[in-house]
Amino acid sequence: MTAPLIAELRRCPTCNRWGGRRALEADGQTVQLDPENSRGTCNEGPWHGSLRGPRNACGQWLRWVAIVTEA
């Protein structure tokens, strides 16, 4: 994936329940994924145990705790 992810899009890699490899950029809001492995498992969410990719989303999204919320 070339484009970074931001929490406002509410995609799985910005969710606290997503178990894939990711890193938070210095801005505290942009998430970068491992380009070789951009999928991760849903943990205790509605898709529990299934692999979810960067475009997946669901109605029970929880902001990843590492993401800094804007004041």
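See above for the structure.
My aim in this report is to walk through the structure given alongside it, one point at a time.

What counts, and where the lines are drawn
Residues numbered from 1 in each chain as written. Predicted model: local features only at pLDDT ≥ 70, side-chain atom pairs only at ≥ 80, totals over all residues. Heavy atoms only, no water. Helix = DSSP H or I, 4+ residues; strand = E, 2+ residues; numbered from the N terminus. Rg over C-alpha atoms; globule rule 2.2 N^0.38 Å. Buried < 20%, exposed > 50% of the residue type's maximum accessible area, 1.4 Å probe, protein only. Areas by Shrake-Rupley, 256 points an atom, 1.4 Å probe, with all protein chains shown as cover. Lys, Arg positive; Asp, Glu negative; His and termini not counted. Charge placed at Lys NZ, Arg CZ, Asp CG, Glu CD. Phe/Tyr/Trp six-rings, centres within 6.5 Å; stacked < 30°, edge-to-face > 60°. Lys NZ or Arg CZ within 6 Å of the ring centre and 35° of its normal. Pairing = 2+ DSSP bridges.

It is worth spelling out the overall build of the protein chain at this point. Check the secondary structure of the protein chain and you find 0 helices and 5 strands. N-terminal to C-terminal, the α/β element order of the protein chain is β-β-β-β-β. In terms of C-alpha radius of gyration, the protein chain reaches 11 Å, essentially the compact-globule figure of 11 Å for 71 residues. The principal-axis extent of the C-alpha atoms belonging to the protein chain is close to 30 × 30 × 15 Å. Burial analysis of the protein chain (71 residues in total) assigns 35% to the buried set. Put simply, the protein chain shows about 4,600 Å² of open surface, and 49% of that area lies on carbon and sulfur atoms. Of the side-chain charges in the protein chain, 9 are positive and 7 negative, and the distance between the mean point of each set is 9 Å.

Along the chain, Glu36 falls in the loop between β3 (30-33) and β4 (40-41). With a relative accessible area of 75%, Glu36 lands in the exposed category. Through-space distance from the C-alpha of Glu36 to that of Cys58 is 24 Å; in sequence the pair is 22 residues apart.

If you walk through the whole model with that rule in mind, you get 0 aromatic pairs. The ring of Trp64 has Arg22 sitting right over it, with the charged end atom 3.8 Å from the ring centre. Across the ring face of Trp47, the terminal group of Arg52 is positioned such that the distance to the ring centre comes to 4.1 Å.

Before going further, it helps to spend a moment on the sheet that holds β3. An order of β1-β3-β2 is seen for the 3 strands of this open sheet, with the pairing classed as antiparallel. What marks the edges here is a single partner per strand, and that holds for β1 (5-6) and β2 (22-24). Summarising the sheet, β2 and β3 pair through 3 bridges and their orientation is antiparallel. Across the sheet, residue Leu24 finds its bridge partner in β3, namely Val31.

On to unusual backbone geometry. Of note, Arg10 is a non-glycine position whose phi angle comes to about 55°, a positive value. Along the chain, Arg10 turns up in the loop between β1 and β2. One non-glycine residue, Glu44, lies in the positive phi region at around 65°. Its location among the elements puts Glu44 in the loop between β4 and β5 (51-52). Taking relative accessible area as the criterion, Glu44 reaches 69% and is therefore assigned exposed.

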